[in-house]
Structure formats: structure tokens, C-alpha cells
Amino acid sequence: MAARPSRKDDMAPTPSPYLVHGALILAQLIFGGGAIVGKLGIDKFNPILFAFIREGCAGPILCAIAFWKDRVLPKPRHIWWFAVTGLFIFANQLCFIVGIKLSNAVVGSAWQPSQAVMVTAIAVALGWEKATFFKIIGILLAFGGACFIVFFGAHIEAGGAELAGNILYFLNCLGTALYVICAKPIFKYYPATSITGWSYIMGSIMMMVACLVANNSPAIYHFICDDCPPGSKWHVPTNAIFALLYWIILTSVGSYLLMTWGNKYADASLVLAYTPLQPATSAILSFLLISAGFKGKLQMPGLNILGVIGIFIGLAFVVYDNRIAEREARTKYLQVQNMVSDEKGKTEVSVRAVESLGPPDFNDEDDELELGPGASEL
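Residues numbered from 1 in each chain as written. Predicted model: local features only at pLDDT ≥ 70, side-chain atom pairs only at ≥ 80, totals over all residues. Heavy atoms only, no water.

Counting 53 residues, the largest nonpolar core has Ile48, Phe50, Ile97, Val98, Ile100 and Trp247 as the members making the most contacts within it. Top contributing element to this core by residue count: helix α3 (residues 79–102), with eight residues. Look past the residues within four positions of phenylalanine 50 in its chain and what remains in contact with it is Ile42, Phe45, Ile97, Ala240, Ala243, Leu244 and Trp247. One finds Ile186, Val253, Tyr256 and Met259 within the second-largest nonpolar core, a separate group that totals 23 residues. (Core = buried A, V, L, I, M, F, W, Y, C linked by side-chain atoms within 4.5 Å. Buried < 20%, exposed > 50% of the residue type's maximum accessible area, 1.4 Å probe, protein only. Helix = DSSP H or I, 4+ residues; strand = E, 2+ residues; numbered from the N terminus. Contact = heavy atoms within 4.5 Å.)

This is the structure:
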């Protein structure tokens, strides 16, 4: 796991790897819980309106946090870059919230490990990361476990809501992967909090446009919200208040700040390697809520939950690969330090040798100045 701090953070100490891992894990646990909370909150509620309220509240909050912390505003020449990262945030969040409206929330969470596969493929293609054996095997195992959760015993009808939900989950994961990749280069110019905040405000503007389009198109509105009562396009039911607060404060603000901060200090694939925790969290939370009587439109996990085994084995492979990379990087750093120390020692010996000879006699052009061993390296 290699640190890539911004210019402003160049002098800041690199945080402990355990702190970085902890931030990435917590972000994924919050996302996993958000799938279930969101599924319950959008019952008989327009999902795009839900997303618009979430973005409209979270965007200004993130920008305020970013400005308070960093005192940095985007430069005009970088606005287009924030528009690109904002587009991918908009795409991943719109597709996910509509996806859980149409499909199973646990299925939506189980799709998330594919983000790591997409990020690794893009990062390797760009030459940013090495395609190591343990990294690839670990991500494939995690992805295989997630696919087992999605498809074991599933019946997807062509053209139905379940199929549309799975297509949206794919686009959701692709959007997140592209956000992580595109946010990487901006760390040279802006701190992590500013990147999250300004990308989010761009995504909020796009979500407002999407909401206006959906609410003025009967076909789109009926498809995404066939259980909504007539005349409720702009209505917010009371059962959605808790879900909105959870998604605004924890998912939008908390998780994205954690993920963007971790992205600064971790390889792009490691940032999303913890996504297998999302389906595990969603499945466990579904089981607990259904057992307690809060079923709603949740479904009890079946034998497909055994895919969690593959998820955690794959996660272990990826973490192990990063530990190896950290150890190798530390060893190389110590070797370079020793080489620098040796060269410094030779230089000091040569300087002392020169000083011991005294100043050269420039009046005698035939005399040669012999500087002694190692002097040619000065």
C-alpha cells in the first residue's frame, strides 16, 4: 500500500496501515447497512426523489466540511475534472438506489465486489498497479462468492424488474470504480476532503436534472415506482425520514470521506477490495430484521449466503498481497537509505582528504593536484 499524498499533505506523516484499513472497512460496513435501510425507506417512494434529496443535502455539507478543513477552492482549469468525478458519483448512486427499488437489496450489495475487479483491470491497463498472483486470485474468489450469492437459486425474467435491477447494479459498480480511478490524479492538487466535496456537489446538480426528467416522464416514473400512490411524485413519506438521514449523514458524508481519504494512501484496488463486506453486512442485517418482524420487502437469505465464505477468503488473499507489497517497499527503502549513507560516508572521507592537502598552488602550472582515493566521486 503506497502513499500518494497531495502537495498540501507532503509534510504530513503517513498514517498507520491499520488506520487506513480500518477506515476502508468501516466505509463498506456503512454501505452494506445502507442497502437494507434504503430498501425499507423507498417503499412506495420515488427512488430518484430520494436520491435527489440525499444529494441536495449531502453535497453542500461535504463542500462546507472541505472548505472548513482545507480552505481550498477548485481552480477554473480543474472544474471539468470535478465534473467527471461528479458524473461517476451521480451514476453509481442513481443506479444503486433505483436498483434496490427494482431488485433485492442483498443482491445489490453482492454486486459491489465487482468494483475491485473493474478497478484492478483499469489500473493494470493504465500501468498504475502490478497484476500480482495473490491480488488477482483474491479478487476473483471474492467476486465468485458474490456471484454465488446473486445467482444461486435466482430466477431472472428477461425484461423484468429483476433483470433491470441487475443491469443497474453493474452500472453502479462501474461508476464507483471509475470514480476511484479518476480521483487518483487530483490528489496532486487537492486534499481528499475537497475532492469528495466538490465531486459530490457536481453529482448533486446532475441528480436534480435526473429527478426533473423522471418526474415529468410518465413512462420512466411508472417503471421505477409502480407501487407509488397517485400524485406522490414529490411526496416524502414519514417512513423514509430515517433512511434519508442514514444515507445523507453516514453513507454520503461519512463513507465517501472515509473512502476518499483511504484512496489517498492505498492502491486503487485495495480501496474497493473490502467491498465483499457489503453483501455480508446486508445479509446479516436482513436476517436480524426479518427475525425481529421488520420484514417489509426484505427477503430472508438462503443457501446463497454461503458465498460469504468465498468473499472472506478472497479478502484475505488481497490483504496478504498488500502486506507483501508493504514489506517489499519497506525493504527497498531501507536498502536505499543504506546506499545513501554509504555514499555520504565516502563523500565525507573525500572532503577530509582534500582539506588535508591544503589549497592548491596555482602559481606552479606543472604541479598536479592529487586528491586521493574517492575524490573523483565528488
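A word on empty space enclosed by the protein. Think of a ball as big as a water molecule: rolled over the atoms, this probe shows where empty space is left. Counted by the stated rule, this structure contains four cavities of 30 Å³ or more. Residue lining of the largest cavity: 19 residues in total, with Phe31, Asn92, Gln112, Asn172 and Tyr256 positioned closest to the centre. Of all the secondary structure elements, the ones that give two or more residues to the lining of the largest cavity are α1 (17–41), α3, α7 (161–183) and α10 (241–265). Looking at side-chain class alone, the lining of the largest cavity contains seven nonpolar, eleven polar and one charged residues. (1 Å grid on protein atoms, 1.4 Å probe; cavity = no way out; pocket = protein on both sides within 12 Å on 5 of 7 lines; lining within 4 Å. Points joined across faces, edges and corners; volume = space filled by probe spheres on them. Nonpolar A, V, L, I, M, F, W, Y, C, P; charged D, E, K, R; others polar.)

What follows concerns the confidence of the model for the chain. Do not read the fine detail of predicted coordinates wherever pLDDT is low. This prediction gives the chain a mean pLDDT of 78; 81% of its residues lie at or above 70. The least confident element of the chain is helix α11 (residues 268–273), whose mean pLDDT is 65; the most confident is α3, at 91. For residues 1–9, every residue scores under 50 in pLDDT, and the model assigns this stretch 39 contacts once sequence neighbours within four places are set aside. Confidence drops under pLDDT 50 across residues 349–357; counting only partners more than four residues distant or on other chains, this segment forms ten contacts. (pLDDT = per-residue confidence, 0-100.)

What follows is about the pattern of salt bridges. Per the stated rule, a full pass over the model turns up three salt bridges. Note that aspartate 227 and lysine 101 form a salt bridge whose closest N and O atoms lie 2.9 Å from each other. One end of the pair, aspartate 227, is in the loop between α9 (218–224) and α10; the other, lysine 101, is in helix α3, and 126 residues separate them in sequence. Of the two residues, aspartate 227 and lysine 101, both sit in the buried class. (Salt bridge = Lys/Arg side-chain N within 4 Å of Asp/Glu carboxyl O.)

Next up on the list: the packing of α7 against α10. Running from amino to carboxyl end, α7 crosses α10 at an angle of 45°, the nearest separation of the two axes being 10 Å. Judged by the angle between their axes, α7 and α10 are oblique. Here α7 and α10 pass one another in a crossing that is right-handed. Contact residues: Thr176, Tyr179, Val180 and Ala183 in α7; Tyr256, Met259, Thr260 and Asn263 in α10. In terms of residue class, the contact of α7 with α10 is made up of five nonpolar, three polar and no charged. (Axes fitted to C-alpha atoms, helices over the stretch in contact; angles between N-to-C directions. Parallel < 35°, antiparallel > 145°, perpendicular 65-115°, else oblique. Left-handed = near helix turned anticlockwise from the far one by under 90°.)

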